[in-house]
Amino acid sequence: MILSPSLLSADFADLGRELAELEAAGLAWAHLDVMDGRFVPNITFGPPVIKALRRRSGLFFDVHLMVDAPERYLEDFRAAGADMLVVHAEATLHLQRTLAEIRRLGMRAGVAFNPATPLGALEYVATDADMVLIMGVNPGFSGQAFLPTTYAKVREARRILDGHGRQDVKIQVDGGVDPDNTAELVRCGADVLVSGSAFFGAPPYAERLRTFMNAARDGK
Ligand code: DX5
Ligand code: ZN
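Computed from a predicted structure; not experimentally measured.

Engineer: How should the overall build of the protein chain be read in this particular structure?
Structural biologist: In terms of helices and strands, the protein chain carries nine helices and eight strands. For 220 residues, the compact-globule estimate of 2.2 N^0.38 gives 17 Å, and the C-alpha radius of gyration of the protein chain, at 16 Å, lies within 12% of that figure. Summarising its shape, the C-alpha atoms of the protein chain cover approximately 40 × 40 × 30 Å along the three principal directions. Looking at the 220 residues of the protein chain, the share that counts as buried comes to 55%. Put simply, the protein chain shows about 9,400 Å² of open surface, and 49% of that area lies on carbon and sulfur atoms. Across the protein chain, 23 positive and 28 negative side-chain charges occur, with their mean positions spaced 3 Å apart.

Written as structure tokens, this is what we have:
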């Protein structure tokens with residue numbers, strides 16, 4: 001399991017230091033939530049902030065775009081230093097084209113599904129994606145309660161991907177993840193877990209990482 005801490009719950013006044021602490025604690029990924037105030041009710045940050053953070057960090061930048069028509073900004077995020085762009089299936093009309101374009105630009109491509117969105121589209125983009133993000137909450141804010149319907153959806157995503165011979169495609173879960181639901185999520189087939197409030201709310205980070213990883217081991 002890979003743990004990808006969501007910077008939404010970090011200290012926004014000191015993100016450079018937060019990234020350095022994550023790296024020192026042994027994390028390999030950082031989850032960056034971009035919100036446009038339209039696809040989701042909240043507004044966060046965009047390419048200029050990511051570009052500034054890139055200069056400070058060698059972590060894998062897993063950029064979650066909660067943005068309408070994200071295809072407008074793919075090159076900007078590439079130039080800012082994103083390693084992976086995750087777009088919502090609900091937000092981009094030509095999903096296959098958007099995923100192919102992200103890869104063409106040299107980044108990993110991910111597709112996200114809100115809790116009430118069926119996974120049907122995944123049947124048609126299974127070979128265009130490097131990761132599938134199953135939301136555990138309706139996106140917009142950290143600290144929301146995990147929706148238990150997520151478990152069955154992770155299993156379904158795994159089944160669809162395996163059916164297309166894509167055992168290599170990672171499944172990420174984001175929203176309401178904590179050490180208590182980690183084992184079951186891993187058991188259902190999750191490979192990457194995002195955590196905001198449950199991770200940053202309980203420092204030190206190295207110890208928190210260990211707690212999540214131990215919980216994940218119980219799910220194997
Ligand atoms: C939710 C964001 C998440 C969020 C997770 O809209 O996409 O990445 O920060 O926070 P927690 O883990 O607190 O639910
Ligand atoms: Zn997110």
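Let us keep going from here.
Engineer: Explanation requested: the pairing of strand S2 (residues 29-35) in the structure shown.
Structural biologist: Note on strand geometry: in a regular strand, side chains alternate between the two faces of the sheet. With seven of seven residues buried, S2 lies mostly within the body of the structure. Regarding the hand of the β-α-β motif, the stretch spanning S2, helix H2 (residues 47-54) and strand S3 (residues 60-66) is right-handed.

Engineer: So what exactly am I meant to see when it comes to helix H1 (residues 15-24) here?
Structural biologist: One full turn of an α-helix is made of 3.6 residues, so residues set three or four places apart face in the same direction. Buried within H1 are the following residues: Leu15, Gly16, Glu18, Leu19 and Leu22. An end-on view of H1 places all buried positions within 160° of arc, on one side of the element. Those residues of H1 that are buried lie in contact with strand S1 (2-5), S2, H2, S3, helix H8 (197-200) and helix H9 (205-218). At the C-terminal side of H1, Gly26 shows a positive phi close to 100°.

Engineer: How do you make sense of the pattern of salt bridges when you look at a structure like this?
Structural biologist: Two side chains carrying opposite charge are able to pair once their charged atoms lie near each other. Scanning the model with the defined rule gives 11 salt bridges in all. For the salt bridge of Arg17 with Asp11, the shortest nitrogen-to-oxygen distance reads 3.6 Å. The partner of Arg17 in a salt bridge is Glu21, with the nearest N and O atoms 2.8 Å apart. Here the residue Arg17 and the residue Glu21 both occupy positions in helix H1, the gap between them amounting to four residues, near one helical turn. You can call Arg17 partly exposed: its relative accessible area is 33%. Since its relative accessible area comes to 32%, Glu21 is described here as partly exposed. Through salt bridges with shared partners, a single network forms among Asp11, Asp14, Arg17 and Glu21.

Engineer: I would appreciate a short explanation of the site of ligand 1 in the present structure.
Structural biologist: In the vicinity of ligand 1, 19 residues are found, and the nearest of them are Gly140, Gly143, Asp174, Gly196 and Ser197. Asp174 places a polar side-chain atom, nitrogen or oxygen, 2.8 Å from an oxygen atom of ligand 1. In this structure, an oxygen atom belonging to ligand 1 sits 2.6 Å away from a side-chain N or O atom of Ser197. With the chains in place, 100% of the 380 Å² that ligand 1 exposes on its own is no longer accessible. If you list the elements that add at least two residues to the shell around ligand 1, you get S2, S3 and strand S8 (192-195). Its residues placed into classes, the shell around ligand 1 shows six nonpolar, 11 polar and two charged.

Engineer: Whenever I open this one, the coordination of the zinc ion (ligand 2) confuses me. Can you help?
Structural biologist: Coordination angles at a metal have ideal targets, namely 109.5 degrees for four tetrahedral donors and 90 or 180 degrees for six octahedral donors. All of the protein donors around the zinc ion (ligand 2) are His31 (NE2), Asp33 (OD), His64 (ND1) and Asp174 (OD); their distances to the metal are 2.0 to 2.3 Å. Along the chain, the residues donating to the zinc ion (ligand 2) fall in the pattern H-x1-D-x30-H-x109-D. Of the two residues, Asp33 is situated in strand S2 and His64 in strand S3; the sequence distance between them amounts to 31 residues.

Engineer: It is not clear to me how the packing of aromatic side chains should be interpreted in this structure. Could you clarify?
Structural biologist: We describe a pair of aromatic rings using the distance from one ring centre to the other and the angle between the two ring planes. Tallied over the entire structure, the rule returns six aromatic pairs. One aromatic cluster in this structure is built from Phe199, Phe200 and Tyr205. Sitting over the ring of Phe61, Arg54 keeps its end group 3.8 Å from the ring centre.

Engineer: Which parts of the structure should I look at to understand the sheet that holds strand S5 (residues 108-113)?
Structural biologist: Note on sheets: strands pair through backbone hydrogen bonds, and any given pair is parallel or antiparallel. Here we have eight strands laid out as an open sheet, ordered S1-S8-S7-S6-S5-S4-S3-S2, and parallel in their pairing. Two strands close off the open sheet at either side, each with one partner strand: S1 and S2. The sheet shows a mean angle of 25° between the axes of neighbouring strands, direction not considered. Here S3 pairs with strand S4 (residues 84-88) via four bridges, running parallel. Note on S4: the bridge partner recorded for Val63 is Leu85.

How each quantity is defined
Residues numbered from 1 in each chain as written. Chains lettered and ligands numbered in written order. Predicted model: local features only at pLDDT ≥ 70, side-chain atom pairs only at ≥ 80, totals over all residues. Heavy atoms only, no water. Helix = DSSP H or I, 4+ residues; strand = E, 2+ residues; numbered from the N terminus. Rg over C-alpha atoms; globule rule 2.2 N^0.38 Å. Buried < 20%, exposed > 50% of the residue type's maximum accessible area, 1.4 Å probe, protein only. Areas by Shrake-Rupley, 256 points an atom, 1.4 Å probe, with all protein chains shown as cover. Lys, Arg positive; Asp, Glu negative; His and termini not counted. Charge placed at Lys NZ, Arg CZ, Asp CG, Glu CD. Right-handed = clockwise from strand over helix to strand, strands pointing away. Arc of directions from axis to C-beta. Contact = heavy atoms within 4.5 Å. Salt bridge = Lys/Arg side-chain N within 4 Å of Asp/Glu carboxyl O. Near = heavy atom within 4 Å. Polar contact = N/O pair within 3.5 Å; in protein donor to acceptor, adjacent residues only side chain to side chain. Nonpolar A, V, L, I, M, F, W, Y, C, P; charged D, E, K, R; others polar. Donors = N, O, S within 2.8 Å, 3.2 Å for Na, K, Ca; no water. Phe/Tyr/Trp six-rings, centres within 6.5 Å; stacked < 30°, edge-to-face > 60°. Lys NZ or Arg CZ within 6 Å of the ring centre and 35° of its normal. Pairing = 2+ DSSP bridges. Axes fitted to C-alpha atoms, helices over the stretch in contact; angles between N-to-C directions.

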